[in-house]
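Read off the chains here:
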Amino acid sequence: MSKEQLLQELAEAFEQLIGTAIEAAQRGVTRQGDRWGPRETVAHLAGWEVMATVRIPKIVAGMPPLEFADETQQTVMNDAINATIVTMIGEQPLDTVCGMLRQAYQRDVEMLRKLDETFFQPGEYVYERTRSVIEHCQEHSQKLVLSHP
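Below or above, wherever it landed, is the structure these notes cover. (Residues numbered from 1 in each chain as written. Predicted model: local features only at pLDDT ≥ 70, side-chain atom pairs only at ≥ 80, totals over all residues. Heavy atoms only, no water.)

Following the criterion strictly, the structure yields eight salt bridges and no others. Across the pair Glu23 and Arg27 runs a salt bridge whose closest N-O atoms are separated by 2.9 Å. On the accessibility criterion, Glu23 (35% relative accessible area) is partly exposed. Among the residues examined, Arg27 registers a relative accessible area of 31% and is labelled partly exposed. (Salt bridge = Lys/Arg side-chain N within 4 Å of Asp/Glu carboxyl O. Buried < 20%, exposed > 50% of the residue type's maximum accessible area, 1.4 Å probe, protein only.)

We now examine the packing of helix α1 (residues 3-26) against helix α5 (residues 125-146). Their axes nearest at 9 Å, the elements α1 and α5 cross at an angle of 20 degrees. Regarding the angle of α1 to α5, the classification is roughly parallel. At the point where α1 passes α5, the crossing takes the left-handed sense. For the pair α1 and α5, the contacting residues are Leu6, Glu9, Leu10, Ala13, Phe14, Gln16, Leu17, Thr20, Ala21 and Ala24 in the first and Tyr127, Thr130, Arg131, Val133, Ile134, Cys137, His140, Ser141, Leu144 and Val145 in the second. Of the residues that constitute the contact of α1 with α5, the class distribution is 13 nonpolar, five polar and two charged. (Axes fitted to C-alpha atoms, helices over the stretch in contact; angles between N-to-C directions. Helix = DSSP H or I, 4+ residues; strand = E, 2+ residues; numbered from the N terminus. Parallel < 35°, antiparallel > 145°, perpendicular 65-115°, else oblique. Left-handed = near helix turned anticlockwise from the far one by under 90°. Contact = heavy atoms within 4.5 Å. Nonpolar A, V, L, I, M, F, W, Y, C, P; charged D, E, K, R; others polar.)

Shown next, in the form of structure tokens:
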């Protein structure tokens, strides 16, 4: 798969998630307890993409990814970041949060387009992260499809 095909797949995954979140909200799906609703799901991904805009250039320049060897530590850190992101959006309308995600992922796609093709080979951080984000969007889309109000 070429770099451009991968980036197109990434953009499509984000747009699919946005569409699914809007549809779920129209069906009345909202946050219930610890289960995120459409707004929180979209905010979560927007926050991570904003962070990627800063992290990926540093990683490409040789800085190691911010990951913990211990899975428990990584989970705790990810949960803290997610809680912060969801709290920061407050009561923003879903349309606003979808716009934030759209801006963030489009900025990331443009940044990624400028990278050399070598970063988009299996085993390279940028390639693996991009594949992982596509899968993550698909997982969240599936959860939203299966959610009940």
